[in-house]
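# Remarks on the overall topology
In case you want the letters, here they are:
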There are 2 protein chains.
Amino acid sequence: MHNLTVIKIGGNVIDNPDALKQFLTSFAQIRDHKILIHGGGKVATQVADKLGVPTTMVDGRRITDQPMLDVVTMVYGGLVNKQIVAKLQALEVNAIGLTGADASTVLAKKRAVGEIDYGFVGDIVEVDSGQIQYMLRQKLVPVFAPLTYDEEGNLLNTNADTMASAIAVDMAHKNTVTLVYCFEKKGVLSEPANDDSVITSLTPDLYETHKAAGVINKGMIPKLDNAFNALRNGVTKVIICHADQVVQAVTQGGAGTTLTLS
Amino acid sequence: MHNLTVIKIGGNVIDNPDALKQFLTSFAQIRDHKILIHGGGKVATQVADKLGVPTTMVDGRRITDQPMLDVVTMVYGGLVNKQIVAKLQALEVNAIGLTGADASTVLAKKRAVGEIDYGFVGDIVEVDSGQIQYMLRQKLVPVFAPLTYDEEGNLLNTNADTMASAIAVDMAHKNTVTLVYCFEKKGVLSEPANDDSVITSLTPDLYETHKAAGVINKGMIPKLDNAFNALRNGVTKVIICHADQVVQAVTQGGAGTTLTLS
């Protein structure tokens, strides 16, 4: 079993050129097989504004009608993804930028319209880990934009946290997988106002306790649900940490919050 | 030696959804190993206009300053490329969308500033046919956007005709390559005003004669120079035809203009 590190970076890194540069330099130092999944960042909203495409968010999720799908396809799949790939190449990382449509790596289906019509948003159906595995064997480093596709030929906007989790789980059949969620804090905090109150080890019981007490809330909940779900489905380790600490977290286990099942 | 068909489609196909759909349906029917290279089309200019990025063309070539580079990265590398990939997946073609930066497939260098500063425009240095070959072995169909990269981590806007020719030449070391340039006419014409006056077979001598007489001029000249250059460097056959005739041209040799060295 190869060691494989799957890392997700969010908009806060992508929106800050210095932070992104520092992260990519760190990422280049990780020696194991690795996969990067990036979020969108604020550029999509800025480009949409300039193009006259209104942005509608419901519970922190973007409503993706056809004009907005075109914007996220341009920004996530083009601008952000290809800039990361070119920068990684300059760091001697042989990156290959992908959406889920490329090499049929992540198939999804358009979310059914319920109370809210999210538009062209994808729920993941299947990861083709075989195609990803052969890229790793070729010493390529897959870099995923948060876009998938369906069998009708539509591109679909997809949550990057969920995409990272789904890829990590599927790759765990043939690899020892560490999944890392990088975000703007040093880890999951026991005191939200205190950046140094990092919970170094989080079990499902402790998660429930903190959630009930309101210490863990909002956007952290779907992130942690994704993370525990990955652990329950074969991923060996999940770490939540600041993008600056990714090397320390992955190579020495000495940063961020490590999730364990017991 | 595997048969490999390298096809370039231009903006006229990309700008017309029905023409693109029809072309992709034809492309899906080609049984050999195949590679698609697409141009940009008018969408880049439209998006640039809306974003307030001025478009400057010199001799039909786009001046690519940093804001324009971002636009073409979004439009060529994101919107156009990923829409083609998703549509091909729905046609059961396992496409993988690439720029030259992805998997270090096409390395370039930024064009030196002469009388004109073209900006972030790339002249091709090297094609990594090894990476492309292993994708073909995996039954993937590479779809290239006209973007390359340099060793400093810049993306570079690159002429799609040249990129098609460079890829075809490098792949000719290990494949029997047919290179097809699809455009808006049925082939190279002996009477520019008569769409049916297709020259079925064009040699370098006949090309020089028609060029001297002004029958072949403007944008056809760099296209044909690229095409003859490919033939002189190992490509077995070059065909110039209408996008609607690509299957006929490739599988039956019964359409368009076929270039030969003698």
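Residues numbered from 1 in each chain as written. Chains lettered and ligands numbered in written order. Predicted model: local features only at pLDDT ≥ 70, side-chain atom pairs only at ≥ 80, totals over all residues. Heavy atoms only, no water.

### A word on the UniProt feature "domain: Aspartate/glutamate/uridylate kinase" (unreviewed entry) in chain A
The residues that UniProt annotates with the feature "domain: Aspartate/glutamate/uridylate kinase" (unreviewed entry) are residues 4-241 of chain A. A distance of 17 Å separates the end C-alpha atoms of residues 4-241 of chain A, which is 39% helix and 24% strand. (UniProt positions renumbered as here; feature names shortened; annotations may be inferred. Helix = DSSP H or I, 4+ residues; strand = E, 2+ residues; numbered from the N terminus.)

### Some thoughts on the nonpolar core
Ranked by internal contacts, the top residues of the largest apolar core, which has 104 residues, are Ile7 and Phe23 of chain A together with Ile7 and Phe23 of chain B. Looking at which domains feed residues into this core, each of domain 1 (7-22 + 36-162) and domain 2 (176-262) of chain B supplies at least three. When residues no more than four places from it in sequence are discounted, the contact partners of Ile7 of chain A are Phe23, Phe27, Ile30, Ile35, Leu36, Ile37, Val180, Cys182 and Val246 of chain A. (Core = buried A, V, L, I, M, F, W, Y, C linked by side-chain atoms within 4.5 Å. Buried < 20%, exposed > 50% of the residue type's maximum accessible area, 1.4 Å probe, protein only. Domains from an automatic or database assignment. Contact = heavy atoms within 4.5 Å.)

### Focus: the pairing of strand β2 (residues 33-38) of chain A
All names here are of chain A. The buried fraction of β2 amounts to six of the six residues, a majority that puts the element mostly inside the structure. Both faces of β2 are covered, namely the face carrying His33, Ile35 and Ile37 and the face carrying Lys34, Leu36 and His38. The sheet contact formed by strand β1 (residues 2-9) and β2 spans six bridges and is parallel. From the neighbouring strand, Val6 faces β2, where its bridge partner is Ile35. In this structure, β2 lies alongside strand β8 (residues 141-144), joined through two bridges in parallel fashion. The partner of Ile37 across the bridge, within β8, is Phe144. (Pairing = 2+ DSSP bridges.)

### Observations regarding the relation of the copies chain B and chain A
Least-squares fitting of chain B to chain A yields an RMSD of 0.0 Å, with the transformation described by 0.0 Å of translation along the axis and a rotation of 180°. Both chain copies can therefore be described as sitting about a two-fold axis. Looking at the rotation axis and the C-alpha trace of chain B, the residue lying nearest is Gly78 of chain B, at 1.8 Å. A share of 100% of the interface residues of chain B reappears at the interface of chain A, consistent with the copies meeting face to face through the same patch. (Least-squares fit on C-alpha atoms with pLDDT ≥ 70 in both.)

### Points about the packing of aromatic side chains
Under the defined criterion, the tally for this structure stands at five aromatic pairs over all chains. Above the ring of Phe27 of chain A, the side-chain terminus of Lys34 of chain A is found at 4.9 Å from the ring centroid. Positioned above the aromatic ring of Tyr118 of chain B is the side chain of Arg111 of chain B, whose terminal nitrogen or guanidinium carbon lies 5.0 Å from the ring centre. (Phe/Tyr/Trp six-rings, centres within 6.5 Å; stacked < 30°, edge-to-face > 60°. Lys NZ or Arg CZ within 6 Å of the ring centre and 35° of its normal.)

### A few points about the interface of chain B and chain A
Opposite the 38 residues of chain B that make contact, chain A presents 38 residues. Summing both sides of the interface, chain B and chain A together bury roughly 2900 Å²; the carbon and sulfur share of this comes to 64%. Area buried by chain B at its contact with chain A is led by Met74, Lys82 and Tyr134 of chain B, which between them contribute 19% of it. Summed over the shared surface of chain B and chain A, the number is two salt bridges. Here Asp102 of chain B and Lys82 of chain A are joined by a salt bridge, their closest N and O atoms 2.9 Å apart. Linking chain B with chain A are 12 residue pairs in polar contact (both at pLDDT 80 or more). For the side of chain B that touches chain A, the element with the highest residue contribution is helix α4 (residues 66-90) of chain B, accounting for 14 residues. (Buried area = accessible area lost by both parts, 1.4 Å probe. Salt bridge = Lys/Arg side-chain N within 4 Å of Asp/Glu carboxyl O. Polar contact = N/O pair within 3.5 Å; in protein donor to acceptor, adjacent residues only side chain to side chain.)

### Here's the deal with the environment of Leu179 of chain B
Residue and element names in this part refer to chain B. By the element assignment, Leu179 lies in strand β11 (residues 175-183). Leu179 sits 12 residues away from Ile167 along the chain, and the two C-alpha atoms are 9.6 Å apart. Look past the residues within four positions of Leu179 in its chain and what remains in contact with it is Val6, Ala164, Ser165, Ala168, Ala230, Val235, Lys237, Val238 and Ile239.

### Brief notes about the packing of helix α6 (residues 160-171) of chain B against helix α8 (residues 220-232) of chain B
Residues and elements named next belong to chain B. Orientation of α6 relative to α8, taken along the N-to-C sense of each, is 5°, at an axis distance of 9 Å. Considered as vectors, α6 and α8 are oriented roughly parallel to each other. Taking contact as the criterion, the partners of Asp161, Thr162, Ser165 and Val169 in α6 are, on α8, Lys223, Asn226, Asn229 and Ala230. Among the residues making up the contact of α6 with α8, the classes are represented as two nonpolar, four polar and two charged. (Axes fitted to C-alpha atoms, helices over the stretch in contact; angles between N-to-C directions. Parallel < 35°, antiparallel > 145°, perpendicular 65-115°, else oblique. Nonpolar A, V, L, I, M, F, W, Y, C, P; charged D, E, K, R; others polar.)

### Thoughts on the sheet that holds β8 of chain A
Sheets are built from strands that pair by backbone hydrogen bonding, the pairs being arranged parallel or antiparallel. Sheet architecture is open: eight strands sit in the order β5-β8-β2-β1-β11-β13-β14-β12 (chain A), paired in mixed fashion. Every other strand in the sheet has two partners, leaving β5 (95-98) and β12 (201-202) of chain A as the edge strands with one partner each.

### Let's talk about the pairing of strand β5 (residues 95-98) of chain B
Residue and element names in this part refer to chain B. Both faces of β5 are covered, namely the face carrying Ala95 and Gly97 and the face carrying Ile96 and Leu98. Here four bridges tie β5 to strand β8 (residues 141-144), and the two strands are oriented parallel to one another. If you follow Ile96 over to β8, its bridge partner there is Pro142.

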